[in-house]
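Letter by letter, the chains look like this.
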Amino acid sequence: MKDRIVINSVQAGSAAQDAGIEAGDILLSINGEKVRDIFDYRFLTTNGSLLVEIEKKDGELWEIEIDKDEYEELGLEFDEPLITKARSCSNKCVFCFIDQLPKDMRETVYFKDDDSRLSFLTGNYVTLTNMSKKELERIVRYRMSPVNVSVHTTNPRLRVKMLGNRFAGDVLEKVKLLTDGGIKVNAQIVLCRGLNDRTELDRTLKDLSELYPGVASISVVPVGLTKWREGLYKLEPFDSRASAAVIKQVGDWQGKFLAKYGSRLVYLADELYISAGEKLPRYEEYEDFPQIENGVGLMPLFIHEFYDYLHCHFQELDRHCAQYRTTRTVGIATGFCAYGHIKALAEVLERRYNKLKAAVYPIKNEFFGENVTVTGLLTGSDLLEQLKRLKFGETGGELLISRSMLKSGEELFLDDFTVSLLEQRLGTKITIVENNGGDFIKKILGTE
């Protein structure tokens, strides 16, 4: 049966294990209520007193009374993180990045999720187009906050066009239902030239700001365009002039919101400042970095972490580097977007430690196309081909790469290249740098 919830494992020392629940058992109900998904499971297991109905492997039915601390984890784990499969996207967005992928990549890359449960659990953005009022009310009931919503525009007709979905026009009403219920919403706007920019962007920012503080933050990110767009809606990338215009427009809104709410509320992706050749905002201007995973303030945070770590640990770093017997040579591979800032930070360390040589290599994204400049979308094949042309590795030293290039929890690039294969082909050691300025220092200096 499709709705049978098989327990994959039971955490050691948990209340479930103490009660005799085992891997392979089937979860039937908790406190008399059927469990549909992870939302139900988490909500129902917050109670201290539980009546758990289980079907054992031999078909025997158990009703188990469990007493635990309120909010203590019950300890059950399932094959699917959501218990049920993730809900797929029903839109045909004109800017969809997945539609711009080349063929023959691994199958999971092409899956388009649009699941509010993933928004709460992992920070994914959802459009709300496949959610009924009843489902939204369940989010409110379970207090699943915050929810990250891909709004793009509050103009109903324009949103229908941009998302390719005739049911997409009611996003403002759905967001309001959530915020009225006490759910915090982080809104995303993927900005497309000639579609939802200029006056349409003004309208969207005005509409969303009126729901503050329920709408807790708004991000504006430029559309990502690969070279694989044949037959798709014609879109233009943001050049320096267009990026500067967006910065000016959003900057004006930030000033208004800061005066009215005490918060800037709307934030721009780092790419726009770098594209325009303008300075990144100060660390403090991002407040609590509400949309850092969306590339908003990622570099200012990284720079802040770099100098903070250098200031707090300079004595131990100095002692470590004083022990260098020969020059320490490292290479750093990065995308064009971050290149200038990464190079500047590496030079800070080179000036401080004269036996350090840190060369930064900007890697052009030939796999997706030159309009894609972020480090996180670089592939192993591009790293291999371009670093070999530069004869990297022939003079020794190790290569540093960002964790953002790799699949979460694995050492696998988007093109299925592995880190170990790249090491083998380049003939050099590869060190993975976490997305943290302090770890960047440690890996360059080799303190770990």
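Since the structure is predicted, the reported quantities are computational estimates derived from the model, not experimental observations.

(A) Structural view of the overall build of the chain. A tally of regular secondary structure across the chain gives 15 helices and 14 strands. Relative to the compact-globule value of 22 Å for 448 residues, the chain shows a C-alpha radius of gyration of 25 Å, a close match. Principal-axis analysis of the C-alpha atoms places the extent of the chain at approximately 70 × 55 × 45 Å. Here the chain, with 448 residues, has 50% of them falling under the buried criterion. Sequence-distant contacts, at least 24 apart, represent 68% of the contacts inside the chain between residues at least 6 apart. As displayed, the chain offers around 22,400 Å² of accessible surface, 49% of which is attributable to carbon and sulfur atoms. For the chain, the centre of its 59 positive side-chain charges and the centre of its 69 negative side-chain charges are spaced 7 Å apart.

(B) Just the pattern of salt bridges, in detail. Tallied over the full model, the rule gives 24 salt bridges. When the shortest N-O distance is used, the salt bridge between Arg 138 and Asp 40 registers 3.0 Å. In this pair, Arg 138 is assigned in helix α4 (residues 133-142) and Asp 40 in helix α2 (residues 38-44), connecting sequence segments 98 residues apart. Close ionic contact of Glu 285 with Arg 282 constitutes a salt bridge, the shortest N to O distance being 3.2 Å.

(C) Structural detail: the packing of helix α10 (residues 298-312) against helix α15 (residues 437-445). The geometry of α10 relative to α15 is characterised by a closest axis approach of 6 Å and an angle of 60 degrees between their N-to-C directions. When the interaxial angle is binned, α10 and α15 end up oblique. Only Gly 437, Gly 438, Phe 440, Ile 441 and Lys 442 of α15 make contact with α10, whose side of the interface consists of Phe 302, Glu 305, Phe 306, Tyr 309 and Leu 310. Here the contact of α10 with α15 is composed, by residue class, of six nonpolar, two polar and two charged.

(D) Structural detail: the side chain of Ser 402. Note that Ser 402 resides in strand β13 (residues 398-402). Given the relative accessible area of 15%, Ser 402 is considered buried. Polar side-chain contacts of Ser 402 include one of 2.8 Å to the side chain of Ser 404. If we ignore the near neighbours within four places in the chain, the residues touching Ser 402 are Thr 375, Val 433 and Asn 435.

(E) The arrangement of the nonpolar core in detail. Counting residues in hydrophobic clusters, the biggest one holds 110 residues, and the most contacted among them are Ile 21, Leu 27, Tyr 41 and Leu 76. If you look at the next biggest cluster of nonpolar residues, it comprises 19 residues, including Tyr 361, Leu 387, Ile 401 and Leu 406.

(F) Up close: unusual backbone geometry. Looking along the chain, the bond that leaves Ser 145 and enters Pro 146 is cis, with omega of 5 degrees. Inspection of the secondary structure puts Pro 146 in the loop between α4 and β7 (147-150). Of note, the amide linkage connecting Tyr 212 to Pro 213 takes the cis form, showing an omega dihedral of 5 degrees. Mapped onto the fold, Pro 213 is located in the loop between α7 (199-209) and β9 (215-222). Unusually for a residue other than glycine, Asp 416 sits at a positive phi of about 70 degrees. One can find Asp 416 in the loop between β13 and α14 (419-426). Its relative accessible area of 36% is what places Asp 416 among the partly exposed residues.

(G) Expanded view of the sheet that holds strand β10 (residues 266-268). A sheet is described by the order of its strands in space; here five strands give the open sequence β6-β7-β8-β9-β10, paired in parallel fashion. With one partner strand each, in any of the chains shown, β6 (125-126) and β10 form the two edges of the open sheet. The pairing of strand β8 (residues 185-191) with β9 spans seven bridges and is classified as parallel. Residue Gln 188 lies in a different strand from β9, and its bridge partner there is Ser 219.

(H) Seen up close, the pairing of strand β2 (residues 26-30). Counting buried residues along β2, four of its five residues qualify, which places the element largely inside the surrounding structure. Note: strand β1 (residues 5-10) against β2, two bridges, orientation antiparallel. Considered in β2, the bridge of Val 6 is made with Ile 26. Where β2 and strand β3 (residues 49-55) come together, four bridges link them in antiparallel fashion. For Leu 27, the partnering residue across the bridge sits in β3 and is Ile 54.

(I) Representation of the environment of Ser 402 in the model. Note: C-alpha distance between Ser 402 and Asn 436 (34 residues apart in sequence) is 9.6 Å. Side-chain polar atoms of Ser 402 contact the side chain of Asn 435, separated by 3.1 Å.

(J) Local environment of the packing of aromatic side chains. This structure, assessed with the given rule, holds 14 aromatic pairs. When the centroid spacing of 4.5 Å and the interplanar angle of 35 degrees are considered together, the rings of Tyr 212 and Tyr 261 count as tilted. One end of the pair, Tyr 212, is in the loop between α7 and β9; the other, Tyr 261, is in helix α8 (residues 240-261), with 49 residues separating them in the sequence. A residue is classified by how much of its surface remains accessible, and Tyr 212, at 26% relative accessible area, is partly exposed.

(K) Highlighting the pairing of strand β12 (residues 356-363). Examined bridge by bridge, strand β11 (residues 328-335) and β12 share eight bridges and lie parallel to one another. Of the residues in β12, the one forming a bridge with Gly 331 is Ala 359. With helix α12 (residues 336-352) bridging β11 and the parallel β12, this β-α-β connection has right-handed handedness.

Cut-offs applied
- Residues numbered from 1 in each chain as written.
- Predicted model: local features only at pLDDT ≥ 70, side-chain atom pairs only at ≥ 80, totals over all residues.
- Heavy atoms only, no water.
- Helix = DSSP H or I, 4+ residues; strand = E, 2+ residues; numbered from the N terminus.
- Rg over C-alpha atoms; globule rule 2.2 N^0.38 Å.
- Buried < 20%, exposed > 50% of the residue type's maximum accessible area, 1.4 Å probe, protein only.
- Contact = heavy atoms within 4.5 Å.
- Areas by Shrake-Rupley, 256 points an atom, 1.4 Å probe, with all protein chains shown as cover.
- Lys, Arg positive; Asp, Glu negative; His and termini not counted.
- Charge placed at Lys NZ, Arg CZ, Asp CG, Glu CD.
- Salt bridge = Lys/Arg side-chain N within 4 Å of Asp/Glu carboxyl O.
- Axes fitted to C-alpha atoms, helices over the stretch in contact; angles between N-to-C directions.
- Parallel < 35°, antiparallel > 145°, perpendicular 65-115°, else oblique.
- Nonpolar A, V, L, I, M, F, W, Y, C, P; charged D, E, K, R; others polar.
- Polar contact = N/O pair within 3.5 Å; in protein donor to acceptor, adjacent residues only side chain to side chain.
- Core = buried A, V, L, I, M, F, W, Y, C linked by side-chain atoms within 4.5 Å.
- Pairing = 2+ DSSP bridges.
- Phe/Tyr/Trp six-rings, centres within 6.5 Å; stacked < 30°, edge-to-face > 60°.
- Right-handed = clockwise from strand over helix to strand, strands pointing away.

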